[in-house]
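A structural walkthrough
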Amino acid sequence: MQLIFEKSKDGKKVFPVPGNDTPAKFKLDKKYMRETSAELPQVSEFDVVRHFTGLSKMNLSVDSNFYPLGSCTMKYNPKFTEALAALEGFCDLHPFLPWLSGGARYAQGALELIYELQKQLCEITGMSAFTTQPLAGAHGELTGILLIAAYHEHKGNRRKIVLIPDSGHGTNPATATIAGYQVKTIASDKNGVLDLNALKSSLNKDVAAIMLTCPNTLGIFNSQIKEVTDLAHKEGTLVYCDGANLNAILGRARPGDLGFDAVHVNLHKTFATPHGGGGPGAGPVGVKKELAPFLPVPRITRENKGNFGLDFNSKLSIGHIAPFYGNFLVLLKAYAYILALGKNGLLEVSENAVINANYIMHKLKDYYELPYNRGCMHECVFSASKQAKNGVHALDIAKALIDKGIHPPTIYFPLIVKEAMMIEPTETESKETLDSFINVMIELSKLAEDDPSKFKDFPKTTPVGRLDEVKAAKDLNLRT
Amino acid sequence: MSYISNTQDDKLKMLQAIGIKDGDAEKLFKDIPKDLRARSFNIQPGKNEYEVTQHVKGLAEKNNTRLISFLGAGYYDHFIPAAIDALASRSEFYTAYTPYQSEASQGTLQAIYEYQSAICRLTGMDVANASLYDGGTAVFEATMMAMRITKKSKFLIDSGLNPIHKKILYTHSDNLPVDFKETSDVNKLLDDKTAAIILQNPNFFGTITDYTDIIKKAHNAGAVVIMSVYPLSLGILKTPAEMGADIVIGECQSLGIPLSFGGPYLGFMATKKEYVRKMPGRIAGVTTDALGRRGFVLTLQTREQHIRREKATSNICSNQALCALRALIYMCLLGKEGLKKVAQSSAVKAEYAKNILSKIKGIKLEKTLPTFNEFVIELPVKADKITQKMQDKGFIAGFPLGRFYDNMEKHLLVAVTEKHTKQQIDRYAKALELLLCN
Amino acid sequence: MLPENLKYTKEHEWVKIDNDQATFGITEHAQSEMGDVTFVELPEKEASIEQSKAFSTIESVKAASEIYAPLSGSVTDTNEELINKPELINESPYEKGWICKIKLSNPAEADKLMDAMAYQQYLETLKK
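Here is a short report on the structure shown in this document. Just so we're clear, the structure is a prediction, and the values are computed from it rather than from any experiment. (Residues numbered from 1 in each chain as written. Chains lettered and ligands numbered in written order. Predicted model: local features only at pLDDT ≥ 70, side-chain atom pairs only at ≥ 80, totals over all residues. Heavy atoms only, no water.)

Residue and element names in this part refer to chain A. The seven strands lie next to each other as β1-β7-β6-β5-β4-β2-β3, forming an open sheet whose pairing is mixed. One side of each edge strand has no neighbouring strand; the edge strands of this open sheet are β1 (129-131) and β3 (182-186). Neighbour-to-neighbour, the strand axes of the sheet open up by a mean angle of 25°, direction not taken into account. Direction of pairing for strand β5 (residues 238-242) relative to strand β6 (residues 262-264): parallel, over a ladder of three bridges. Within β6, the position partnered with D242 by the bridge is H264. Packed on one face of the sheet, helix α4 (residues 108-125) meets β1 and β6 and runs near 125° to β1. (Pairing = 2+ DSSP bridges. Helix = DSSP H or I, 4+ residues; strand = E, 2+ residues; numbered from the N terminus. Axes fitted to C-alpha atoms, helices over the stretch in contact; angles between N-to-C directions. Contact = heavy atoms within 4.5 Å.)

Okay, here's the thing in structure tokens:
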């Protein structure tokens, strides 16, 4: 499809905006002005609508296709929350309003929403306090580690190291490095969980934190998790929970009860806010009491009269992670979702998420290698190593799925599984959809045996076939 | 509410297939020991869509957005064409994920490529990334990038940088071996240890500057130049590229994104060709398939966290893709001429406001300072008290600078956009005048 | 076939020593692990490099790897052809794909390097 710039034409009518109804004239010295106008497209509104409507049709998306991207929790995004996020009373509210004397009275609804959401998240995760400032999951991780660093600093010794399992998401070590820590990787054992002995030998008073995903990135819940957190606490090490997989344990286990000191939740995963093609997300962070004094400012407070306000006073706060209160319109959708589902709804989420994933696991384990043959939680990890022997790799299976109108699972993650394919159906998919997926996967495994050479041509039904990534990196063309 | 598609019968059939004949789903959670189960889960019972909608609408109604507002301070109330909402709410865009599988995401990828192109054309820079979280975290990312480029760690921050963005910078870099100095004269403090200077145009006080000479001096000293800009102002203002900046960042909220009480917003970053590999965030590039058809892919991914892990250029994963789409659509709808007109309209209305306000007894206004759509006025009393009284008159008068600067308690930052009418500005000035008379 | 006249490191770099000059590159094993090379970060001329420390980065579509100096010295020449044709590293890792030449500061360091047979044996252990 043509680029919007390629559709640009001189003489197209200009989109009218409110003009100058005052007698003033704008005068600015030439030295402050740009030489030529920005070469933005000159197209009509209708041209724009045609263009982007056309682009949208070239995407797979949750609303159109099964999207079992492991670790991303691509569940259905309720439409009523979209409508609520479009209300003027929220969209048109300036974030600085409650910073002005007398201004908080105009934002009581928004402040109450954030306050209540924090309370709900505390109860869901078993934590004492929350901040909604982090603008994404990785941003939440950074916030969590910065809080832990501040805590240690306050006690007199920042410490030097963060321990991360080899199955950890790439954002974990990247985060630890930005927070000024050295990363030490701990191996997983043959059951796919953190090797306790490896952990014991690495734990010491130099370790500031351990970052764990629970259940882990293989979709496995470590039954000895409390031992891990207890061991850490004995050394004064804090434990951070990457809450990306919360969908599996909603209502059944809470990071706080398992001994975690801080956790981030991904609202765009567990709490059904849409993924947006890569964002915006939100990664609120919950903490135990000992970390609460370090939380970012401003904090939402509630006076006795029931009025909501902001508290900027905090000597120990790490400061600002985001300009205001986080991605408010995203927080709003998660809040509405939690209210709609309620206790039973949230319990249903974890139950069905785990049933759906286990169903797929059982149905496919005779066709694809299962590196950890044990029950999984909300996602299961297969290896395409059997198919790879015939030259059909995880990547090839992914491309074949696209032709069938199914978005591929996550591939090549976690790193500890060769030819990994991580499948997370989520709780919102029906048995019919799962059966359809299972049949396609079985068909593909057969094709990999009978005629593996066919895979090189997939996908064939998309606007473009496999794209030359080497050329993209060598002959860099990042704009027109 | 429930968004489960399975019937009880479906569940039973699946549990039986898994080997749980009695249909007890609890068995699937056997790995969670009994003593590690949730100690409490006091969440209220769920409500149906109608009930939740009524409740949340009620919260929206407890907010008041009907006051006539002259509040900016980095976040502005510009007109947002309806086509943006219509297009960005197409579910093929907003329920898709990161385009890791390029053949399945050409819509998202082409939009990212077009957005990168638009940002480059707007700022004059060579390359741009697919977005950062917001204009504040963008300052931090630019700082880290400058460290990678120069291998130095001393930074000079111009005193006109948005104070909230500065706070975000300090919080994020607290544990890194960096050295920050705030100054109103970057040239004086430049030395061969300076990694970068951080400038903003227009600055937080609305003042426009031509930084060309300052930038030349910084380059001579071996430092790179980070400049934060107000994208919409580039409809008319001299671009950071024309001034020689190396890393350009900013907050794109004013390009088709509502005020949103804090987010989601949109940080952008653009830079010179030679620094592209040091730039964080996702980047889309053009390539071809085996049949020679043009297509788009995420490229240079080896810099990113999912491959590089602890050596990554940043820990960023999700960004602000949908917001970038909105900004792109805005820039396409307004186009070359429209963006110029919006900028001019905002600027000339601010000019009118400046003229009217400067005539009011007691108000001091620095008329010689070149400004865009925002400027500072000095009141005879504390600005905060005035803004509170103006609220009762139906106006958000502006941002009292005493909030961030101890020596500016009487100063008020006033922002005007193309949405304001002459009538509104006149009434605002009148109300202010009456208040100051008393 | 591993060139006999070269020395090797555990990080899969090779070295060709010529009195007090040396040429560096990466081995066949390394290039095949990386996949198609898309970019090579060449060191600066006259830069001083230290044995076992990273002096360059090689990028492919799936990875970005540091290249560690087999020996210490100062850079006298870099292979500018790699700027436009990084694929030379894949096509001819031991010849056309050389990365840089240095003047050795401590020739005795070469004792720590493996010869072709030792490197071959090392490669066998990795296969297990």
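What follows concerns the interface of chain A and chain B. Between chain A and chain B, the contact holds 202 residues from the first and 182 residues from the second. Summed over both sides, the interface between chain A and chain B buries roughly 17100 Å², with carbon and sulfur atoms accounting for 63% of that surface. Across the pair R374(A) and D31(B) runs a salt bridge whose closest N-O atoms are separated by 3.0 Å. Taken together, the connections running from chain A to chain B amount to 93 residue pairs in polar contact (both at pLDDT 80 or more). Per-element tally for the side of chain A that touches chain B: the top contributor is helix α9 (residues 328-364) of chain A, with 26 residues. (Buried area = accessible area lost by both parts, 1.4 Å probe. Salt bridge = Lys/Arg side-chain N within 4 Å of Asp/Glu carboxyl O. Polar contact = N/O pair within 3.5 Å; in protein donor to acceptor, adjacent residues only side chain to side chain.)

Next up on the list: the interface of chain A and chain C. Taken together, the contacts link four residues of chain A with six residues of chain C. For the chain A and chain C pair, buried surface summed over both sides reaches about 420 Å², with 71% attributable to carbon and sulfur atoms. Seen at the junction of chain A and chain C, the total is one salt bridge. The partner of E87(C) in a salt bridge is K474(A), with the nearest N and O atoms 2.8 Å apart. The interface formed by chain A and chain C includes one residue pair in polar contact (both at pLDDT 80 or more). Taken together, the residues that form the side of chain A that touches chain C break down as two nonpolar, no polar and two charged. (Nonpolar A, V, L, I, M, F, W, Y, C, P; charged D, E, K, R; others polar.)

Let's shift gears to helix α8 (residues 225-234) of chain A. Residues and elements named next belong to chain A. Considered for burial, the residues of α8 that qualify are I225, V228, T229, L231 and A232. The arc that holds the buried residues of α8, viewed along the axis, is 160°, so those residues lie on one side. Buried residues belonging to α8 abut α7 (196-202), β4 (207-213) and β5. Within two residues after α8, G236 carries a phi angle of roughly 80°, on the positive side. (Buried < 20%, exposed > 50% of the residue type's maximum accessible area, 1.4 Å probe, protein only. Arc of directions from axis to C-beta.)

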